[in-house]
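Reading the structure
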Amino acid sequence: MSGRSYFTDSSPMNVQFLKFKDEPFRWHNSIEVVIILEGSIHVAIADEQRTLGAGTIEIFNINQVHRL
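Residues numbered from 1 in each chain as written. Predicted model: local features only at pLDDT ≥ 70, side-chain atom pairs only at ≥ 80, totals over all residues. Heavy atoms only, no water.

Looking at the nonpolar core
Under the convention used in this document: Throughout, nonpolar core names a set of buried Ala, Val, Leu, Ile, Met, Phe, Trp, Tyr and Cys residues whose side chains join them through atoms within 4.5 Å. Only protein chains enter the calculation, and the probe is 1.4 Å; a residue is then buried if its accessible area is under 20% of its type maximum, exposed if over 50%, and partly exposed in between. Helix and strand assignments come from DSSP, with helices taken as H or I runs of at least 4 residues and strands as E runs of at least 2, each series counted from the N terminus. Residues are treated as being in contact if the distance between any of their heavy atoms lies within 4.5 Å.
Core analysis: the largest hydrophobic core is formed by eight residues, namely Val34, Ile36, Ile41, Val43, Ile45, Leu52, Phe60 and Leu68. With three residues, the top contributor of residues to this core is strand 4 (residues 40–45). The contacts of Phe60, once residues within four sequence positions are left out, are Ser30, Ile31, Glu32, Val34, Val43, Ile45, His66 and Leu68.

Looking at the environment of Arg26
Tracing the sequence through the fold places Arg26 in the loop between strand 2 (16–19) and strand 3 (32–35). Given the relative accessible area of 15%, Arg26 is considered buried.

Things to note about the side chain of Glu32
Under the convention used in this document: Polar contacts here mean pairs of N or O atoms no more than 3.5 Å apart (in protein, one a potential hydrogen donor and the other a potential acceptor; neighbouring residues in sequence count only if both atoms are side-chain atoms).
If you trace the backbone, Glu32 turns up in strand 3. Polar side-chain contacts of Glu32 include one of 3.1 Å to the side chain of Arg26. Reaching out from Glu32, the side chain makes a polar contact with the side chain of His66 at a distance of 2.9 Å. Ignoring anything within four residues of it in the chain, the contact list for Glu32 reads Arg26, Glu58, Ile59, Phe60, His66 and Leu68.

Have a look at this one:
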């Protein structure tokens, strides 16, 4: 995963523009909102899988295991 952050460490929000390859399963102690600007990505949430295309939004809850 490569990208750039646009907020400071003290900010309650973090925005990143990322390019994904195959990422391992992960979880965070925060809500994660993914907005697909172009192309598509495959998302796995626990045992559910789907493909998201440009213009779609996915919201991951706190500590929800997911993979992009």
